[in-house]
Amino acid sequence: MDSLQVLFTVKCFKVSIAVLFGFDYFYQLEDEVTFIWSRRDCGVGKALFVPTRYIPFIIIPLTIMNTFAANLDSDMCEALLYILVVLEAVAITLSEVSFGLRAYAMWNRNKVVLIIYYCVGTAYTAALVFILQSFLPSVTYGESPLPIISGCYKTGASPIVFALFVVIMVTEAVTTTLTLYRAFRHFRHTPNALVQNMTRDGVFYCVTMFCMSVANVLVIFLVPVQYTDMIAV
């Protein structure tokens, strides 16, 4: 019964995330059409926005399949895991690049800031590859304890994945620091709506991602392994 309760909670959480994503997408669709699709130009911003925005349309259905599909063997579960983790890593990385470019623009393309982000990006990429190479082979799947439980049943995983969220937290801290320092040092007396929006949105994004990373680390260490990917999506 404990296993059934755990998996029921995880399934409800993932369905809630899918519903929330759908609501968020349609809520912002009008703005997306106005500011993205109604413009014919194709710059770096749009090139980063489109995959970041639409990769979740692949991730969410695969997550639901991983959670609810019946008769999935361990090989299929492992394949789904690899695909999901890679897609999530790409989406997060693209969003990090987007907000890094915002901070870089706020610094008027300062070379020192560019060097900082080059070092952060290099360390981020190296750490990401190392952590995923260590984590993915450690994930194991087994038969569910009850026939009525569908989807992939995770039986083990290395806690090293927590380091991935620490790397994300460090990256967020760099972007937040650069954004806030520039805003308060150089723009606090300038009532510029664009700068205010860039500062507010950039800091809000970084703080949100930082808190989600902290939550994922706590989940990894404090609850059973079946919970570990509950909020990773």
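Predicted model, so just to flag it, every value in this text is computed and none were measured.

**Q** How should I be thinking about the overall build of the chain in this particular structure?
**A** Scanning the chain from terminus to terminus reveals seven helices and two strands. The order of α-helices and β-strands along the chain, N terminus first, is α-α-α-α-α-β-β-α-α. If one aligns the C-alpha atoms of the chain with their principal axes, the spans along those axes are about 65 × 35 × 25 Å. Counting over 233 residues, the chain shows a buried share of 38%. Approximately 13,700 Å² of the chain is accessible, and the part contributed by carbon and sulfur atoms is 69%. Here the chain contributes 14 positive and 15 negative side-chain charges, whose respective centroids are spaced 17 Å apart.

**Q** I tried to follow the packing of helix 6 (residues 162–186) against helix 7 (residues 193–222) on my own but got confused; where do I start?
**A** When two helices pack together, their arrangement is given by the angle between their axes and by how far apart the axes lie. At a closest axis distance of 9 Å, the pairing of helix 6 and helix 7 adopts a crossing angle of 160°. In terms of axis orientation, helix 6 runs roughly antiparallel to helix 7. When you trace helix 6 past helix 7, the crossing you get is left-handed. Across the interface between the two elements, Phe162, Phe165, Ile168, Met169, Glu172, Thr175, Thr176, Thr179, Leu180 and Ala183 of helix 6 pack against Thr199, Val203, Tyr205, Cys206, Met209, Phe210, Ser213, Val214, Asn216, Val217, Ile220 and Phe221 of helix 7.

**Q** Could you clarify how one ought to interpret the UniProt feature "transmembrane region" (unreviewed entry) in the chain in this entry?
**A** With numbering matched to this structure, UniProt assigns "transmembrane region" (unreviewed entry) to residues 6–27, 48–68, 80–101, 113–136, 156–181 and 202–223. Taken end to end, residues 80–101 has its terminal C-alpha atoms 32 Å apart, with 100% of it in helix and 0% in strand. Between the C-alpha atoms that bound residues 202–223 the distance is 31 Å, and the span itself is 95% helix and 0% strand.

**Q** Explanation requested: the nonpolar core in the structure shown.
**A** Side chains that are nonpolar tend, in soluble globular proteins, to be buried together. Counting 25 residues, the largest nonpolar core has Leu81, Leu128, Leu132, Leu136, Tyr141 and Phe165 as its most contacted members. Of all elements in the fold, only helix 4 (74–106), helix 5 (111–135), helix 6 and helix 7 reach the threshold of two or more residues within this core. Excluding its chain neighbours within four sequence positions, the residues that come into contact with Tyr141 are Ser74, Cys77, Glu78, Leu81, Cys152, Tyr153, Lys154 and Thr155. Counting nine residues, the second largest nonpolar core, distinct from the first, contains Ile55, Ile59, Leu62 and Leu80.

**Q** For this particular structure, what's the right way to read the packing of aromatic side chains?
**A** Two descriptors summarise a pair of aromatic rings, namely the distance from one centre to the other and the angle between the planes of the rings. Enumeration according to the criterion identifies ten aromatic pairs in this entry. Judged by centre distance (4.9 Å) and plane angle (85°), the rings of Tyr25 and Phe57 are edge-to-face. With Tyr25 in helix 1 (residues 2–37) and Phe57 in helix 3 (residues 56–68), the pair connects residues that are 32 residues apart, well separated along the chain. Looking at Phe57, the relative accessible area reads 37%, which means it is partly exposed. A centroid spacing of 4.0 Å and a plane angle of 0° characterise the contact between Phe99 and Tyr205, whose relative ring orientation is stacked. Of this pair, Phe99 sits in helix 4 while Tyr205 sits in helix 7, and the two are 106 residues apart along the sequence. These aromatic residues form a ring-pair network of at least three members: Phe21, Tyr25, Phe26, Trp37, Tyr54 and Phe57. If you follow Lys11 out to its NZ or CZ, it ends over the ring of Phe68, 5.0 Å from the centre.

**Q** Sorry if this is basic, but what is going on with helix 3 here?
**A** Three- or four-residue spacings in an α-helix give side chains the same orientation, since the helix completes a turn every 3.6 residues. With 13 residues, helix 3 ought to run about 18 Å at 1.5 Å a step, and its terminal C-alpha atoms sit 18 Å apart, in line with that. Every buried residue of helix 3 is accounted for by Pro56, Ile59, Ile60, Leu62, Thr63, Asn66 and Thr67.

**Q** What is the right way to look at the packing of helix 2 (residues 44–54) against helix 3 in this model?
**A** It is at 5 Å that the axes of helix 2 and helix 3 come closest, and there the two elements cross at 15°. Taken together, the axis directions place helix 2 and helix 3 in an arrangement best described as roughly parallel. Together, Pro51, Thr52, Arg53 and Tyr54 of helix 2 and Pro56, Phe57 and Ile58 of helix 3 make up the contact between the two elements.

**Q** Can you walk me through a nonpolar patch on the surface in this structure?
**A** There is a patch of nonpolar side chains on the surface, built from Phe162, Val166, Val170, Leu218, Phe221, Leu222 and Val223 and spanning about 610 Å² of accessible area. Of all the elements in the fold, those that place two or more residues in the nonpolar patch are helix 6 and helix 7. Relative to the elements of secondary structure, Phe162 occurs in helix 6.

**Q** Explanation requested: unusual backbone geometry in the structure shown.
**A** Peptide bonds are trans in most cases, and residues, glycine excluded, mostly fall at negative phi. Positive phi values are uncommon outside glycine, yet Asn108 reaches one of about 55°. Assignment of secondary structure puts Asn108 in the loop between helix 4 and helix 5. On the basis of relative accessible area, Asn108 is assigned to the exposed category, the value being 57%. The phi dihedral of Arg109 is positive, around 55°, even though this residue is not glycine. Secondary-structure assignment places Arg109 in the loop between helix 4 and helix 5. The class for Arg109 is exposed, based on a relative accessible area of 65%.

Criteria and cut-off values
- Residues numbered from 1 in each chain as written.
- Predicted model: local features only at pLDDT ≥ 70, side-chain atom pairs only at ≥ 80, totals over all residues.
- Heavy atoms only, no water.
- Helix = DSSP H or I, 4+ residues; strand = E, 2+ residues; numbered from the N terminus.
- Buried < 20%, exposed > 50% of the residue type's maximum accessible area, 1.4 Å probe, protein only.
- Areas by Shrake-Rupley, 256 points an atom, 1.4 Å probe, with all protein chains shown as cover.
- Lys, Arg positive; Asp, Glu negative; His and termini not counted.
- Charge placed at Lys NZ, Arg CZ, Asp CG, Glu CD.
- Axes fitted to C-alpha atoms, helices over the stretch in contact; angles between N-to-C directions.
- Parallel < 35°, antiparallel > 145°, perpendicular 65-115°, else oblique.
- Left-handed = near helix turned anticlockwise from the far one by under 90°.
- Contact = heavy atoms within 4.5 Å.
- UniProt positions renumbered as here; feature names shortened; annotations may be inferred.
- Core = buried A, V, L, I, M, F, W, Y, C linked by side-chain atoms within 4.5 Å.
- Phe/Tyr/Trp six-rings, centres within 6.5 Å; stacked < 30°, edge-to-face > 60°.
- Lys NZ or Arg CZ within 6 Å of the ring centre and 35° of its normal.
- Expected span 1.5 Å × (residues − 1).
- Patch = residues over 30% accessible without salt bridge, like charges linked within 9 Å, V, L, I, M, F, W, Y side chains within 5 Å.
- Salt bridge = Lys/Arg side-chain N within 4 Å of Asp/Glu carboxyl O.

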